[in-house]
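# Architecture at a glance
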Amino acid sequence: MDTLIDVAGLNARLASGQRTVVLDVRWALGDPEGRSHYLKEHIPGAAYVDLPTQLADAADPGRGRHPLPSLSRFQEAARSWGICDGDVVVAYDDAGNTSAARLWWMLRNAGVRTVYLLDGGLAAWRTAGLPVEGGAVEPVAGDVTLADGGMPVTDADGAAGWPAEGVLLDARAAERYRGDVEPVDPRAGHIPGAVSAPTTANLDDDGRFLPAEELRKRFANLGVDAATPTAVYCGSGVTASHEIAALEIAGFSATLFPGSFSQWSNDTSRPVATGAEPAQ
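Residues numbered from 1 in each chain as written. Predicted model: local features only at pLDDT ≥ 70, side-chain atom pairs only at ≥ 80, totals over all residues. Heavy atoms only, no water.

## Focus: the layout of surface pockets
Estimates place the volume of the largest pocket at around 390 Å³. What lines the largest pocket is a set of 20 residues, and nearest its centre among them are Leu-29, Arg-172, Ala-173, Arg-176 and Thr-239. (1 Å grid on protein atoms, 1.4 Å probe; cavity = no way out; pocket = protein on both sides within 12 Å on 5 of 7 lines; lining within 4 Å. Points joined across faces, edges and corners; volume = space filled by probe spheres on them.)

If you want it as structure tokens, here you go:
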């Protein structure tokens, strides 16, 4: 199953009139102006997806900063973006797909198999000299029926025991893993036994995913192989979805801890490790 579509492939689909739902998921930690960026310019026909309100419930110390929304809420949002059963969906952002991957994962989990990330995102579209437009797109409502359980997940108890049986990857920046800094969560450090695997290392300098063979080598060096259960977390479950996409490109399946470190660090009964090594 393909994870990515390139700019040429998306442009060809749009030019030929093949039904394609294009979704702009611009969001970044510390930058609340995703919609403003979208209104200034976006891929023609793309609808805006607001990550904090449409791809998450309100922050909850017991569930994390971006808890997954209910199936009914997510289905309502997906229909508002114009998605119908059987549609091809292409998600992108302007940050190497580090936020768009949240939507990719959620749609996969909801049973949509024909959902792709635009490799390189909006930057690749611009570099190709393709047109952009401003203003809001208001799609005709879709009728997609979503399910749940299409992608594996674990909870805090599962994450606690994961390193004993498999590999638990921490997709945050290395300085947050080590506990040098923590800009948003209540405690600094990482889940004991987790391995530092910053999601930005999945990308090249142009914000495209590294080739599959390079990603396979990267993850193999972190202890990942086909026989070893692999799980991923980040701060709030967003960039961990990007790491799962990269693992899929590399040929590995992985489990998401949706609450991630924002949930873990709010629970004072959970230990937090610091430093560069995945100490148990």
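## Brief notes about the pattern of salt bridges
Following the criterion strictly, the structure yields 18 salt bridges and no others. The salt bridge involving Glu-41 is made with Arg-126; its shortest N-O contact spans 2.8 Å. With a gap of 85 residues between them, Glu-41 in the loop between helix H2 (34-40) and strand E3 (47-48) and Arg-126 in helix H6 (residues 121-127) connect regions that are remote in the sequence. For Glu-41, a relative accessible area of 22% puts it in the partly exposed group. Given a relative accessible area of 33%, Arg-126 falls into the partly exposed group. (Salt bridge = Lys/Arg side-chain N within 4 Å of Asp/Glu carboxyl O. Helix = DSSP H or I, 4+ residues; strand = E, 2+ residues; numbered from the N terminus. Buried < 20%, exposed > 50% of the residue type's maximum accessible area, 1.4 Å probe, protein only.)

## Examining the packing of helix H9 (residues 212-221) against helix H10 (residues 239-250)
Where H9 meets H10, the closest approach of the two axes is 8 Å, and the angle between their N-to-C directions is 110°. Put simply, H9 runs roughly perpendicular to H10. Between H9 and H10 lies a crossing whose hand is left-handed. Of the residues in H10, those in contact with Ala-212, Leu-215, Arg-216, Arg-218 and Phe-219 of H9 are Glu-243, Ala-246, Leu-247, Ile-249 and Ala-250. Partitioning the contact of H9 with H10 into residue classes produces seven nonpolar, no polar and three charged. (Axes fitted to C-alpha atoms, helices over the stretch in contact; angles between N-to-C directions. Parallel < 35°, antiparallel > 145°, perpendicular 65-115°, else oblique. Left-handed = near helix turned anticlockwise from the far one by under 90°. Contact = heavy atoms within 4.5 Å. Nonpolar A, V, L, I, M, F, W, Y, C, P; charged D, E, K, R; others polar.)

## A look at the side chain of Thr-230
Along the chain, Thr-230 falls in strand E8 (residues 230-233). With residues near it in sequence (within four places) discarded, Thr-230 still touches Trp-162, Val-167, Leu-169, Val-224, Leu-247, Ser-253, Ala-254 and Thr-255.

## With respect to the sheet that holds strand E5 (residues 115-118)
Pairing is parallel across the open sheet formed by five strands, whose spatial order is E1-E5-E4-E2-E3. Where the open sheet ends on each side, the last strands, each with one partner, are strand E1 (4-5) and E3. The pairing of strand E2 (residues 20-24) with E3 spans two bridges and is parallel. Across the sheet, Asp-24 pairs through a bridge with Tyr-48, a residue of E3. (Pairing = 2+ DSSP bridges.)

## Some thoughts on the environment of Ala-91
Tracing the backbone shows Ala-91 in strand E4 (residues 88-92). You can call Ala-91 buried: its relative accessible area is 0%. Sequence-wise, Ala-91 and Asp-155 are 64 residues apart; in three dimensions their C-alpha atoms are separated by 26 Å.

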